[in-house]
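Here are the chains, one letter per residue:
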Amino acid sequence: MAPDLRVSQSFLARQGVANGSSVGRVTPHTPLSEVIVSTLMEMPAVTECSVSGCSYNDHSSCHAAAVTIGGSAGDASCATFIPLGTRGGLDKVVTHVGACQRAECSHNSSLECTADSVRIGAGHDHADCLTFSPA
Ligand code: SF4
């Protein structure tokens with residue numbers, strides 16, 4: 001039996017959507033795959049990553065589906081950076097910031113990045129979020 005990939009009523013209720021109504025393009029009949037793509041496109045894109053040696057980097061572009069920004073207070077580093085000998089990621093992908101642990105950044109809201117886009121490159125660490133802006 002095929003899985004039901006429609007948005008569930010309980011999901012919509014958690015999003016504050018009443019039965020039969022909608023928020024933006026999301027309705028009770030929106031396929032889950034559309035919701036996921038729409039949500040991903042609202043996350044800030046990684047427009048540039050100049051970190052050489054990362055398995056996800058190819059010609060200054062990150063090919064991970066999404067990155068996590070971690071680090072420590074005052075230092076936002078890319079926690080997805082991994083210097084392996086093998087190539088990672090997907091060929092056709094625009095990377096987005098999936099999560100950010102730097103709550104002290106002015107672009108951070110509820111541990112999500114709200115910047116229009118971010119750049120990643122060498123900073124204090126080998127791979128830092130260069131858009132980091134302490135509040
Ligand atoms: S700009 Fe700030 S909130 Fe956005 S990913 Fe970088 S450190 Fe995190």
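Residues numbered from 1 in each chain as written. Predicted model: local features only at pLDDT ≥ 70, side-chain atom pairs only at ≥ 80, totals over all residues.

Caption draft 1: Region of interest: the overall build of the chain. Summing up its helical and strand segments, the chain has 2 helices and 10 strands in all. Split into buried and exposed, the 135 residues of the chain put 25% on the buried side. (Helix = DSSP H or I, 4+ residues; strand = E, 2+ residues; numbered from the N terminus. Buried ≥ 20, exposed ≤ 12 C-beta atoms within 10 Å, placed from the backbone.)

Caption draft 2: The site of the ligand, seen in detail. Near the ligand there are 14 residues, and of these Ala76, Cys100, Cys105, Cys113 and Cys129 occur at the shortest range. Across the shell around the ligand, the residue classes break down as 10 nonpolar, 3 polar and 1 charged. (Near = placed C-beta within 6 Å. Nonpolar A, V, L, I, M, F, W, Y, C, P; charged D, E, K, R; others polar.)

Caption draft 3: Looking closely at the environment of Thr86. Along the chain, Thr86 turns up in the loop between β5 (75–78) and β6 (96–100). When the 6 C-beta atoms within 10 Å are taken as the criterion, Thr86 is described as exposed.

Caption draft 4: Highlighting the confidence of the model for the chain. Across the chain, the average pLDDT comes to 84, with 77% of residues at 70 or higher. Mean pLDDT values over the elements of the chain span from 56, in helix α1 (residues 9–14), up to 98, in strand β10 (residues 128–129). (pLDDT = per-residue confidence, 0-100.)

Caption draft 5: How the structure looks around the environment of His124. Summarising the element assignment, His124 is placed in the loop between β9 (117–121) and β10. Sequence separation of His124 and Ala76 is 48 residues, and the distance between their C-alpha atoms is 8.7 Å.

Caption draft 6: Looking closely at the environment of Ser50. Residue placement: Ser50 occurs in the loop between β1 (45–49) and β2 (57–58). In this structure Ser50 comes out as partly exposed when scored by C-beta crowding, with 14 C-beta atoms within 10 Å. Considered as a pair, Ser50 and Cys62 are 12 residues apart in the sequence and their alpha carbons are 8.8 Å apart. What Ser50 contacts, discounting residues up to four positions off in sequence, is Ser60, Gly121 and Ala122. (Contact = placed C-beta atoms within 7 Å.)

Caption draft 7: Quick peek at unusual backbone geometry. The phi torsion at His59 lies on the positive side, around 50°, for a residue other than glycine. Mapping His59 onto the fold places it in the loop between β2 and β3 (61–62). Positive phi, close to 65°, is recorded for Leu111, a residue that is not glycine. You can see Leu111 is positioned in the loop between β7 (108–109) and β8 (112–113).

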